[in-house]
Every structure is written in C-alpha cells, then in structure tokens.
Amino acid sequence: MAESLLQASRQRRVKAMTAAAGSASRAALPLLLCALLAFGGAYVLDDSDGLGREFDGIGAISGGGATSRLLINYPEPYRSQILDYLFKPNFGASLHILKVEIGGDGQTTDGTEPSHMHYELDENYFRGYEWWLMKEAKKRNSNITLMGLPWSFPGWLGKRFDWPYVNRHLTAYYIVSWIVGAKRYHDLDIDYIGIWNERPFDINYIKVLRRMLNYQGLERVKIIASDNLWEPISASMLLDAELMEVIDVIGAHYPGTHTVKDARLTKKKLWSSEDFSTLNNAMGAGCWGRILNQNYVNGYMTSTIAWNVVASYYEQLPYGRSGLMTAQEPWSGHYVVEAPIWISAHTTQFTRPGWYYLKTVGHLEKGGSYVALTDGLGNLTIIIETMLLDSSGSFTVELQEDELFTLTTLTTGSKGSYPPPPKSQPFPPIYTDDFNVEYPFFSEAPNFADQTGVFEYFMNTEDPGEHRFTLRQVLNQRPITWAADASSTISIIGDYKWSNMTITCDVFIETPGKGGVFIAGRVNKGGILIRSARGIFFWIFANGTYRVTGDLAGWLIYAVGQAEVTAQEWYTLTLTIKGHLSAGMLNGKLLWSEVPVNFPKNGWAAIGTHSFDFAQFDNFHVDATP
C-alpha cells in the first residue's frame, strides 16, 4: 500500500498520508500509533514515551487599542451573530481565551480606551466596552479564559512622570481594583493578569502585585510576564527565585514560532501572548494556520493569542482589517466572516484546554507541519498544514499545497452560519447626534472613535435646558502613554473618503484662560499616527481668540484673530470645506472665510480640545453630501 501511495504522490505531486490510530491514553503503553506516509519518508505519532506539554488554548485580543470600538454599536441580530462567530463553541472561531485591554486613557494603536479610574478618587466599572464583551463571551462559553493587560495608565499614577512604577503599591492597587471590580460589578473571574504591554517590567512591582492579589484573596489569578520578548524576563526569573515563583506563564509577542533557551529552562508555561496582526485575507489566514501549529512544533508554546479578535474600527486607522473577522459598519449592519475564523476552528473546535500535545509532532519534509493532541480519554485530533498538513484514523489523506486539514475522533464541530448580513454601505453622509441619553448603555457616543483623550456621555445636573445631556472630554492630565498621544485631545467620526463637508457643533470651554476647543474636517490620520494628523482645524479659545490650522499639532497656521469667546459659555461652531476653500462661523456669523485647503483631499470629521482640559460638545451635525 505504501508503494501505491508513493506512486500516486509522485504523479499528483502531493503528499499522501495514512494514519492508524488506536485509543489515546495517558498511560505509558503505546496505545496510540499513527504513521504518516509520504513520498520521501514516514512520520510516526506515538505516545509510548508519554505526552508532551499541556495545551492551554487559542485566543484573541480586544484592545491594544480600541479594536472593538464599533462592535457595540451594531444593531441586533447582527451584533449577536458576530459574537457567536467569535465565541460560541462548535460554531465559528470558538475561542478558548479572550484577552482584553485594561483601559488606561491613552492611545494604544487605533484609539484610546477609558480607565476605570480617571483620577485617584474616581472609580467606575461601567466605562468602555470590554466588560460587556467579556460578559458576552462568557455567556456563550462559560469556560472561556479571561485575561487583562494594561497598555497605558491614567496620569495620576505617574506623579508627573511617564512611568507606572513610581509608586508600585499604588499601581498594583489600581490593577487589583480592576480585577475586583470585574467580579463585584459583572461577576467576571479574571484568570490571568499581565504587567505592561511591550514595555519594561519592574521585578519588584511584579512581586508587589502578587502579594496584593493574595491579600485580596485572589490567589487563583495567575501572572503572565512580560508580554514583550522572551528576554530579559526569562533570565531574570532564573536569577531570582521569588520572581520565578510568582510568575506562572512567560508570554512573548510575535516570537516567530521560536523560544529561547532561558525560557525553556524556567520550565514555565510558554505562550505567544500576542501574534498574527495580519490582514485577514487568504494570505493572512494561511499565516495564522502556520503559526497555530508551528508555535508548538518549533517553540513549545501551548497557547497562541491573536491581535485582534475583530476588526471593529475604522479601516483607515493603522492595521486595518487585522482581526479574525471584520465588523466595521454598525450603521449598515454589514460584517464579514473572514478566513481566519475557520482557520481557528480547525484547532479550537476539536481540542480543549487541558488536552496534551503528543511529543511526536514536527515538520513535513516538503514543507508544512503536523501536531496531534489528546484528552487522554480516547479522543485524538491531528492538525496538518501545507502552509503545511493533517491526519487521523485508519485511512488515507492526500494533501496539496496551501491546505489545512483536521482529523479527529470528535463529532461536535460544525461550520456555523447565519443568513447573509446587510450589504456594505458607506457612513451616512448626513449624521446628527444630540447626545440626549439619560441612561446610556455605553459610556461613549456611537461611532465617535477617541484618538487622544476620552469623550463620555455627561449630564449637567444644574442645566435643565438644551444642554443637559452632552459629550464631555473628561481627562485633565496626560496619561502614562504607550504610544505617541497628541498634545490635544481628539475624537474622529465618519467616512475617510469625505471631502466636501459642513460640520456644526455646540461647544463649551470649562477651563478659564487657557482652555480651547475645535471642530475639524478632512482629518487624515489616527491611531499611533495621531500626532501628525493633518486636516482643517477650527479652534476657539477662552482668551478670546480663534485659530485655523492645517494640523492637529497647530504648527500650520492658516488664520488667527479675535473672537467674542470666553469660558463657561456655549457657542456654536460651523466649519465648511468645499473644494480648495474653507470658512468658519461662530454662532451663525461668518468669522473667517476663503482659507485655502490644498491638503488633505479627504478625511474624517472630528472634535477635540486644545490640551487635556474639560470641555463639552452638543448637537453635533455633519453634512457631507456630494
């Protein structure tokens, strides 16, 4: 039979694989034996020498940052359908792990996520959407593993320094409060907590965090470090017995499927705690399939976590469509179940955390890899990719290039589906929001994507009139940054393709003397590039002046002048951009006009403040009809 297989392989230029599997067992007897036959050699899967490392699951990240921003705005039933494709067992990606950003008010790739403690005496465990997303994931899979990791931190923790370890106990208290709040207010048990995403770790802080967790009765919460490279955390653990004891998992980002000697010497669990970060087309899906296998084959990593779980942010922001699926049009309800969802399913639907890899896993001679996992109770799953290869049972599988197969004894997997969602539609060219929401379901207004600062629904308890409900910029100091936050706060909205537009918004400067606000159009950059954003920015200041600039930083000044403006008063700003010219009005009266606009040609609308000062916005309206 082997000869005929080899002959057929040569004729078709594909691999042929034959597998014979008995019942899997964790006993020391050779109860499992698989022979993978292909021209040029055979590959043997065998548990007679015991099993390999314990499998900890496949997951994805929401955050790092604001990557799920638009998801919560989706109407039903489409929002629930998206969530099912991500988290429902035996349906879609069926993720085992959800890792979320602990919002810290700073820009963390595609936007900012709000902190549960903007200020030292402030605590609010209903800001943002990560609480909601974790609950939705748990609703679908009660066994899903939950992880939290900070990217940025609120500024008060730094005591005027851009550093979270100035007061280690205070920062540990801040993180532990988030874990306690998750349980107290949302009945969510956080399983793993990280240190500081892709930034330096502090050995003493990690020890303080462990002690504080234990003091709060959170011994079950495990620490993963350092969400950066394998070194220097691995060497530090080998040199420090206490550090070795308090860290449960070594997590590295984008390890290229390889670990290092020091990491293996710790004998700790090794995870690729952030990976993928690739356009979710067919090529990106192939990359994801290769990573899922070879992270263990090459690097003994027992968990791989994708950035990001769903591309639910404006596509023209950095790393557009880098999620397992795409959901970036809540206004239309359109979403796309991308190929990485089904690549994930090849592993997630046919394994469970707590299964074990076989020791006999590896590479295929002509390219590709194979892994095998067992629950020790008679079930076996083999995954092969030809990007790289797959097999199980007593039969033959012929594999061509760029294929992924899963062969399993499980019968529970399925390719879930819903009727097609609505067709893709551009952002509405006429859009209005008066922010009149007394009991908001979510702290941020729909479709606004904060890029520096945090803009939240606000109720003026002393204003019974038109401006009782507003949108307020709520930060009064710069956060401890992860990326290059701008010096001015800004929230974008709309269609990046917009060119001609009229933007109107009521504004309220709260800070006397130095406060200032703006509305803007054709904003051409966001995310980690926000500091260099160009556009047309119409500013007014509490000192009685106005300014028109061609950039957020305020270096390109097009016009300046006096305006009857002060703090603690409401004003209506109007910005009109048409072709190569722009004009601005204050309270319906022309303030400036005929200002040339040569660049950029298109971009988002935006609102914001001159610095990290309180300010309010109301009755936002944009008309971008051609």
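As the structure is a prediction and not an experimental result, all values here were calculated from the model.

Rules and cut-offs
- Residues numbered from 1 in each chain as written.
- Predicted model: local features only at pLDDT ≥ 70, side-chain atom pairs only at ≥ 80, totals over all residues.
- Heavy atoms only, no water.
- Helix = DSSP H or I, 4+ residues; strand = E, 2+ residues; numbered from the N terminus.
- Rg over C-alpha atoms; globule rule 2.2 N^0.38 Å.
- Areas by Shrake-Rupley, 256 points an atom, 1.4 Å probe, with all protein chains shown as cover.
- Phe/Tyr/Trp six-rings, centres within 6.5 Å; stacked < 30°, edge-to-face > 60°.
- Buried < 20%, exposed > 50% of the residue type's maximum accessible area, 1.4 Å probe, protein only.
- Expected span 1.5 Å × (residues − 1).
- Contact = heavy atoms within 4.5 Å.
- Polar contact = N/O pair within 3.5 Å; in protein donor to acceptor, adjacent residues only side chain to side chain.
- Axes fitted to C-alpha atoms, helices over the stretch in contact; angles between N-to-C directions.
- Parallel < 35°, antiparallel > 145°, perpendicular 65-115°, else oblique.
- Left-handed = near helix turned anticlockwise from the far one by under 90°.
- Nonpolar A, V, L, I, M, F, W, Y, C, P; charged D, E, K, R; others polar.
- 1 Å grid on protein atoms, 1.4 Å probe; cavity = no way out; pocket = protein on both sides within 12 Å on 5 of 7 lines; lining within 4 Å.
- Points joined across faces, edges and corners; volume = space filled by probe spheres on them.
- Pairing = 2+ DSSP bridges.
- Core = buried A, V, L, I, M, F, W, Y, C linked by side-chain atoms within 4.5 Å.

Draft legend 1. View of the overall build of the protein. When helices and strands are tallied, the protein shows 10 helices and 35 strands. The C-alpha atoms of the protein give 27 Å as radius of gyration, which agrees with the globular expectation for 626 residues (25 Å, within 12%). Referenced to the eigenvectors of the C-alpha coordinate spread, the extents of the protein come out at roughly 90 × 55 × 40 Å. Summing over all exposed atoms, the protein offers an accessible surface of approximately 23,700 Å²; the carbon and sulfur share of this is 53%.

Draft legend 2. Main features of the packing of aromatic side chains. Per the stated rule, a full pass over the model turns up 39 aromatic pairs. Relative to tyrosine 165, the ring of tryptophan 163 lies with its centre 5.2 Å away and its plane at 90°, an arrangement referred to as edge-to-face. Of the residues examined, tryptophan 163 reaches a relative accessible area of 35% and is grouped as partly exposed. Pairing tyrosine 496 with tryptophan 604 gives two aromatic rings, centres 4.7 Å apart and planes at 65°, and the pair type is edge-to-face. Of this pair, tyrosine 496 sits in the loop between strand S25 (489-493) and strand S26 (501-509) while tryptophan 604 sits in strand S34 (residues 604-609), placing them 108 residues apart in sequence.

Draft legend 3. Summary view of helix H4 (residues 168-186). For H4, spanning 19 residues, the distance from its first C-alpha to its last is 27 Å, which sits close to the expected 27 Å at 1.5 Å a residue. Three or more residues of H4 are buried, namely Leu170, Thr171, Ala172, Tyr174, Ile175, Val176, Ser177, Trp178, Ile179, Gly181, Ala182 and His186. If you follow the buried residues of H4, they end up packed against strand S6 (97-102), helix H3 (130-140), strand S7 (145-150), strand S8 (192-193) and helix H5 (203-215). At the N-terminal end of H4, a side-chain oxygen is found 3.3 Å from the backbone nitrogen of histidine 169, two or three residues along, and the residue is asparagine 167. Just downstream of H4, aspartate 187 is the residue with a positive phi angle, here 55°.

Draft legend 4. Region of the structure containing the packing of H3 against H4. Packing of H3 against H4 leaves a shortest axis separation of 12 Å and a crossing angle of 60°. Classified by the angle between their axes, H3 and H4 sit oblique to one another. Judged by the twist between their axes, the crossing of H3 over H4 is right-handed. Touching Trp131, Met134 and Lys135 of H3 are Trp178, Ala182 and His186, all from H4. Looking at side-chain class alone, the contact of H3 with H4 contains 4 nonpolar, 1 polar and 1 charged residues.

Draft legend 5. Examining the layout of surface pockets more closely. By volume, the largest pocket amounts to about 460 Å³. Around the largest pocket sit 22 residues that line it, and Phe126, Pro440, Phe441, Phe442 and Ser443 are the ones nearest its centre. Among the elements of the structure, H3 and strand S23 (455-459) are those that each provide at least two residues to the lining of the largest pocket. Top element by residues in the lining of the largest pocket is S23. It accounts for 4 residues. When the residues that make up the lining of the largest pocket are grouped by side-chain class, the tally is 14 nonpolar, 4 polar and 4 charged. Of the voids in this model, the second largest pocket is the one considered here, and its volume is about 250 Å³. Together, 14 residues line the second largest pocket, and Gln316, Gln328, Glu329, Trp331 and Asp495 are the ones closest to its centre.

Draft legend 6. Fine view of the packing of H4 against H5. H5 packs onto H4 with a crossing angle of 45° between their chain directions and a minimal axis gap of 9 Å. As far as their axial angle goes, H5 and H4 are oblique. Relative to H5, the crossing made by H4 is right-handed. When H4 is examined against H5, the residues Arg168, His169, Thr171, Ala172, Tyr173, Ile175, Val176 and Ile179 are found in contact with a partner set consisting of Asn204, Tyr205, Val208, Leu209, Met212 and Leu213. Class assignment of the residues belonging to the contact of H4 with H5 gives a composition of 10 nonpolar, 3 polar and 1 charged.

Draft legend 7. Broad picture of H3. In terms of burial, H3 is a largely internal element, 8 of the 11 residues being buried. Where H3 is concerned, the buried positions are Glu130, Trp131, Trp132, Leu133, Met134, Glu136, Ala137 and Arg140. Contact partners of the buried residues in H3: strand S5 (57-62), helix H2 (78-87), S6, S7 and H4.

Draft legend 8. Molecular detail of the sheet that holds strand S11 (residues 269-276). Pairing is parallel in the closed barrel, where 8 strands are placed in the order S5-S6-S7-S8-S9-S10-S11-S12. The sheet contact formed by strand S9 (residues 222-228) and strand S10 (residues 249-253) spans 4 bridges and is parallel. Following the sheet pairing, isoleucine 224 is matched in S10 by valine 249. Those strands touched by H5 are S8 and S9, and its axis lies near 155° from that of S9. With respect to the sheet, helix H9 (residues 282-299) is in contact with S5, S11 and strand S12 (303-307), its orientation differing from that of S11 by roughly 165°.

Draft legend 9. The arrangement of the nonpolar core in detail. The biggest cluster of nonpolar side chains holds 175 residues, and the ones touching the most others in it are Phe87, Ile193, Ile195, Ile206, Leu209, Ile540 and Phe620. If we skip the residues at most four places from it in the chain, isoleucine 193 touches Ile102, Gly148, Ile175, Trp178, Ile179, Leu209, Leu213, Val221, Lys222, Ile223 and Ile224. Counting 12 residues, the second largest nonpolar core, distinct from the first, contains Tyr43, Tyr356, Leu364 and Leu407.

Don't take any of this as a statement about function, it's just geometry.
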